[in-house]
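Close look at the chain arrangement
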Protein chains: 2
Amino acid sequence: MSGTVPPMSSLWFESALTPAGWRRHVRLTLADGRIATVAPDAAPQPGDERHAIALPGLGNVHSHSFQRAMAGLTERSGAARDDFWTWRQRMYAFLDRLDPDDVEAIAEQTFMEMIEAGFTRVGEFHYLHHAPDGRPYANIAALAERIAAAAETTGIALTLLPVFYAHGDFGGRPPVAGQRRFITDLSSFGRLVEGCRRAIAGLDGAVLGTAPHSLRAVVPDELAALQAAYPDGPFHIHVSEQTKEVDDCLAWSGQRPVAWLMDHAGVDQRWCLIHATHADASERAAIAARQAVVGLCPMTEASLGDGIFDAVDFQQRGGRWGIGSDSDILISAAEELRLQEYAQRLSRRGRNLLTGAPDRSTGRSLFETALAGGAQALGQSAVGLMAGAPADLFTLDATHPALVGRTGDELLDSWMFAARSTPVDTVWRAGRKQVSAGRHVRREAIETRFCRTMKKLLA
Amino acid sequence: MSGTVPPMSSLWFESALTPAGWRRHVRLTLADGRIATVAPDAAPQPGDERHAIALPGLGNVHSHSFQRAMAGLTERSGAARDDFWTWRQRMYAFLDRLDPDDVEAIAEQTFMEMIEAGFTRVGEFHYLHHAPDGRPYANIAALAERIAAAAETTGIALTLLPVFYAHGDFGGRPPVAGQRRFITDLSSFGRLVEGCRRAIAGLDGAVLGTAPHSLRAVVPDELAALQAAYPDGPFHIHVSEQTKEVDDCLAWSGQRPVAWLMDHAGVDQRWCLIHATHADASERAAIAARQAVVGLCPMTEASLGDGIFDAVDFQQRGGRWGIGSDSDILISAAEELRLQEYAQRLSRRGRNLLTGAPDRSTGRSLFETALAGGAQALGQSAVGLMAGAPADLFTLDATHPALVGRTGDELLDSWMFAARSTPVDTVWRAGRKQVSAGRHVRREAIETRFCRTMKKLLA
């Protein structure tokens, strides 16, 4: 396992955001990768590592890490109307270039950028399974092993979500050529899941989930079979990202996709509905009632022209959401949360919309909502700066010009809305320091490998 | 004048974006702060300073630099409905704290962040004129002099836009208490303009414009008098930022605000209409026909919940636009351009929407449109990497992981859409190197002063 295990296992912070709110002079002791004790109003003790501002690490509920390598390469109009579907064609063409070493190198860089941003866990929605010609590798989990290796190298906690992808569109249509690296049936998916289980066996804190890709990629009998075969752990699905998907689902079933799931699948707290952009009011109410998490991916939903999920309405109904970086076009927890709020402001023409309790700011509400939603969606039972939770946390640089003079919630607001460069300073995952002074402890080696890979891919 | 004048006055770039498109192996010679010669396909010569990728510096058409100091301090709901107008109340309360030294310290930091981001000129829409009690300083241009001083310290080119602000709302309503630091009549505004002219007299490349604040702050006779008295230079006005302004203008005049301006003011190429968010189709067509620039401020328009200007329609009509950082909540040319495109994608549910000619990418279209619009709006007659233009340019770090392997337009796309940290490396303004390795040559002193100011203001 990578990362530096400090000789002492105690930390002291001038202020820290705990489940009970901001506390001053907070001393943490760590043991076995977890927080053993949390003491506010404590004097620092000899050997404590001291920092200014501590926050719990966030979960990133949705990533396709290989797509980081095509960031910035599809911002050119290639059709009379360019949209999600033309982008998908380019993505299919791009992934044909990737070999297992490439997949690992890209995932390393992507996960490193995540942990440097304050994401300490990632839900990797992993659908790239086979060789470029569509044949399974001798080990069907060969690429999943590369994802696990990248998690080990970077130290990020992994919730691995092997994807079941059997069909090309609603009604069990055959897959298209561009999907050939994704395709499994229930039998081969079973072998894949077993391979994934082995791949993450040695990874501290790793979680295995199940991810039917979407209602386009799975027929009802298969969805039921997956739920029966994998009754535990996170269960993720893309849904209602594009209006075309809604229209096609209506044509196929007479129902909108979220409504169909509510009536035909046992959506519950282990479910994470990725996007749900075009869920209508009754669908949003149903998701909230089932206490499922919506996995919102603000930057990707903007980049791909998906549209704006009505998060204000959803939150007023008690809905739970987390954030994901999805296409990984730009990795920034702060910007995802900023854009999450800004998209609501643009559509509703108001300010401070995703606020919760009156005693907290918008930035804090965004952060705490994403923290809780992320933990639920990624199968992390304990989260936050409290005894028993994993020692996954990060600090903000109190001397950053955008943060100076701020206290409490204003620190979160200023980090999220006002800082042009990241003030994320130090990041621990499972008690190991993975980022120091804003740099991952292995940044140089990881970046060197990634840059070599990119030069090869783009040559 | 600050900044390092290099011993040699010649630069060589592996690639550079010129008015004729990307060129390879471009050699520039500089003289008297301007580009003397541009030679593509040239071998580097001894003494040339060599870099990888050169771009012309962008204009930032709209800034209220003092607002940088309140970034992150208004992200908390204080009312049943929080919006632009409640934000404005907080802004009025905040500015009462600022003395002339504060104004200069904040402007220095803000302008430094701009030039580090690739903005080489700023249009400072300067309306903070008087002492906190509303009385003019002995020198009515005392605060304008502080803005000019900050421009000199940072080296950014200044288009100073002294603001005429006489009334509190449509129909010549009296100003409210929070506006007392802004108020002039035509007579005192004349003295202010003369003071501004003196303040910028020694500043290389400085331009003086005129800025009636909005149709709320000026009555028709005053607007006509301003146009007559100041017939040259940029002429900027806030318009149609909020639907309430549109409603109030309709109630006052029977016309929407842009339509009123078209019928009652000589809107032409020297005009910059700031925001124009709620301009309707006929108003957008009229702006385009007059060849005025719309000053779009994507991050502020999101932050303040203004709404989304239909830039796609406007651009299809041949409309011209530039970008401004306005409230300066976060300074990033790349993110302003990214959000400019993303807001269109979110509302229209498509991709690559603000594209121009088919031979260029979205990033390049955004950049070149903002470059031309910014230059027009800020009174800069020559812009771009060509002989005769000011030597205002910057480089991107070709080894940045988000840029590696890219060429041509993909560099702009990757900078704008895919880079979590800025790849802006070196910035020259009027031939002087103001930023090196991403850091302003005076960053330490400027940040130290700013942080001291912030601690005092927030104590």
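Residues numbered from 1 in each chain as written. Chains lettered and ligands numbered in written order. Predicted model: local features only at pLDDT ≥ 70, side-chain atom pairs only at ≥ 80, totals over all residues. Heavy atoms only, no water.

**Quick look at the overall build of chain A**
- Secondary structure summary: chain A contains 14 helices and 17 strands in total.
- Summarising its shape, the C-alpha atoms of chain A cover approximately 65 × 45 × 45 Å along the three principal directions.
- Taking the intrachain contacts of chain A between residues at least 6 apart in sequence as the baseline, contacts between residues at least 24 apart amount to 73%.
- Within the structure as shown, chain A displays about 14500 Å² of accessible surface, and the carbon and sulfur contribution to it stands at 49%.
- Once the 47 positive and 54 negative side-chain charges of chain A are each reduced to a mean point, those two points are 2 Å apart. (Helix = DSSP H or I, 4+ residues; strand = E, 2+ residues; numbered from the N terminus. Contact = heavy atoms within 4.5 Å. Areas by Shrake-Rupley, 256 points an atom, 1.4 Å probe, with all protein chains shown as cover. Lys, Arg positive; Asp, Glu negative; His and termini not counted. Charge placed at Lys NZ, Arg CZ, Asp CG, Glu CD.)

**Quick look at the sheet that holds strand β13 (residues 320-323) of chain A**
All names here are of chain A.
- The four strands are arranged β10-β11-β12-β13 in an open sheet whose pairing can be described as parallel. Since the sheet does not close on itself, it has two edges, and those belong to β10 (235-239) and β13, each with one partner. Pairwise comparison of adjacent strand axes, ignoring direction, gives a mean angle of 30° for this sheet. (Pairing = 2+ DSSP bridges. Axes fitted to C-alpha atoms, helices over the stretch in contact; angles between N-to-C directions.)

**With respect to the nonpolar core**
- Judged by nonpolar contacts, the single largest core of 261 residues is most densely connected at L261(A), W415(A), L261(B) and W415(B).
- Leaving out residues up to four positions away in the same chain, W415(B) has contacts with L55(B), A117(B), A334(B), F367(B), F394(B), L396(B), L403(B), T422(B), P423(B) and V424(B). (Core = buried A, V, L, I, M, F, W, Y, C linked by side-chain atoms within 4.5 Å. Buried < 20%, exposed > 50% of the residue type's maximum accessible area, 1.4 Å probe, protein only.)

**A word on the pairing of strand β1 (residues 10-18) of chain B**
Residues and elements named next belong to chain B.
- Of all nine residues making up β1, eight are buried, and the element is well covered by its neighbours.
- In this structure, β1 lies alongside strand β2 (residues 21-31), joined through eight bridges in antiparallel fashion. Counted as the bridge partner of L17 is W22 from β2.
- Here β1 hands over to β2 after two residues, the two strands then running antiparallel side by side.
- Pairing analysis gives five bridges linking β1 to strand β4 (residues 49-56), with the strands arranged parallel. Bridge pairing in β4 links L11 to E49.

**A word on the packing of helix α12 (residues 362-377) of chain A against helix α13 (residues 409-418) of chain A**
All names here are of chain A.
- In contact at an axis separation of 7 Å, α12 and α13 are set at 80° when each is read in the N-to-C sense. Between α12 and α13, the crossing angle belongs to the class labelled roughly perpendicular. Across from T362, G363, R364, L366 and F367 in α12, the residues of α13 making contact are D409, L412, D413, W415, M416 and F417.
- A per-class count over the contact of α12 with α13 returns six nonpolar, two polar and three charged. (Parallel < 35°, antiparallel > 145°, perpendicular 65-115°, else oblique. Nonpolar A, V, L, I, M, F, W, Y, C, P; charged D, E, K, R; others polar.)

**Thoughts on the relation of the copies chain B and chain A**
- In the superposition of chain B on chain A (RMSD 0.0 Å, axial shift 0.0 Å), the rotation amounts to 180°. On this basis, the relationship between the two copies can be described by a two-fold rotation axis. No C-alpha of chain B approaches the rotation axis more nearly than that of S421(B), which lies at 3.3 Å.
- Here 100% of the contact residues of chain B are again contact residues in chain A; the copies associate through an equivalent surface. (Least-squares fit on C-alpha atoms with pLDDT ≥ 70 in both.)

**Things to note about the side chain of T426(B)**
- Along the chain, the position of T426(B) falls in strand β15 (residues 424-429).
- A distance of 2.8 Å separates the side chain of T426(B) from the side chain of D425(B), its partner in a polar contact. (Polar contact = N/O pair within 3.5 Å; in protein donor to acceptor, adjacent residues only side chain to side chain.)

**Side note on the interface of chain B and chain A**
- Chain B puts 73 residues into the contact, and the matching count from chain A is 73 residues.
- Buried surface at the junction of chain B and chain A, both sides included, amounts to about 5600 Å², of which 53% is carbon and sulfur.
- On the chain B side of the contact with chain A, L346(B), R351(B) and R420(B) bury the most area, a combined 16% of that side's loss.
- Our count for the contact surface shared by chain B and chain A stands at 12 salt bridges.
- Applying the counting rule to chain B against chain A returns 32 residue pairs in polar contact (both at pLDDT 80 or more).
- Secondary structure elements with two or more residues in the side of chain B that touches chain A: α1 (84-95), α2 (100-117), α9 (298-303), α11 (333-348), α12 (362-377), α13 (409-418) and α14 (443-458) of chain B.
- In terms of residues, the side of chain B that touches chain A owes the most to one element, α11(B), which gives eight residues. (Buried area = accessible area lost by both parts, 1.4 Å probe. Salt bridge = Lys/Arg side-chain N within 4 Å of Asp/Glu carboxyl O.)

**Some details on the pattern of salt bridges**
- The tally for this structure, following the rule as stated, stands at 72 salt bridges over all chains.
- R420(B) is paired through a salt bridge with E113(A); the nearest N and O atoms lie 3.7 Å apart. Of the two residues, R420(B) is situated in the loop between α13 and β15 and E113(A) in helix α2 (residues 100-117); the pairing between them involves two chains.
- Residue R420(B) is classed as partly exposed on the basis of its relative accessible area of 25%.
- In this structure, the salt-bridge partner of E341(B) is R345(B), at a minimum N-O distance of 2.7 Å. Of the two residues, E341(B) and R345(B) are both situated in helix α11; the distance of four residues between them amounts to about one turn of the helix.
- Its relative accessible area of 0% is what places E341(B) among the buried residues.
- Judged by relative accessible area, which is 0%, R345(B) ranks as buried.

**Quick notes on the sheet that holds strand β16 (residues 432-436) of chain A**
All names here are of chain A.
- The strand order β3-β2-β1-β4-β14-β15-β16-β17 describes an open sheet built from eight strands, whose pairing is mixed. Looking at which strands have only one partner, the edges of the open sheet turn out to be β3 (34-39) and β17 (439-440).
- As defined by bridge partners, β16 adjoins β17 across two bridges and the pair is classed as antiparallel. Bridge pairing links S436 to R439 in β17.

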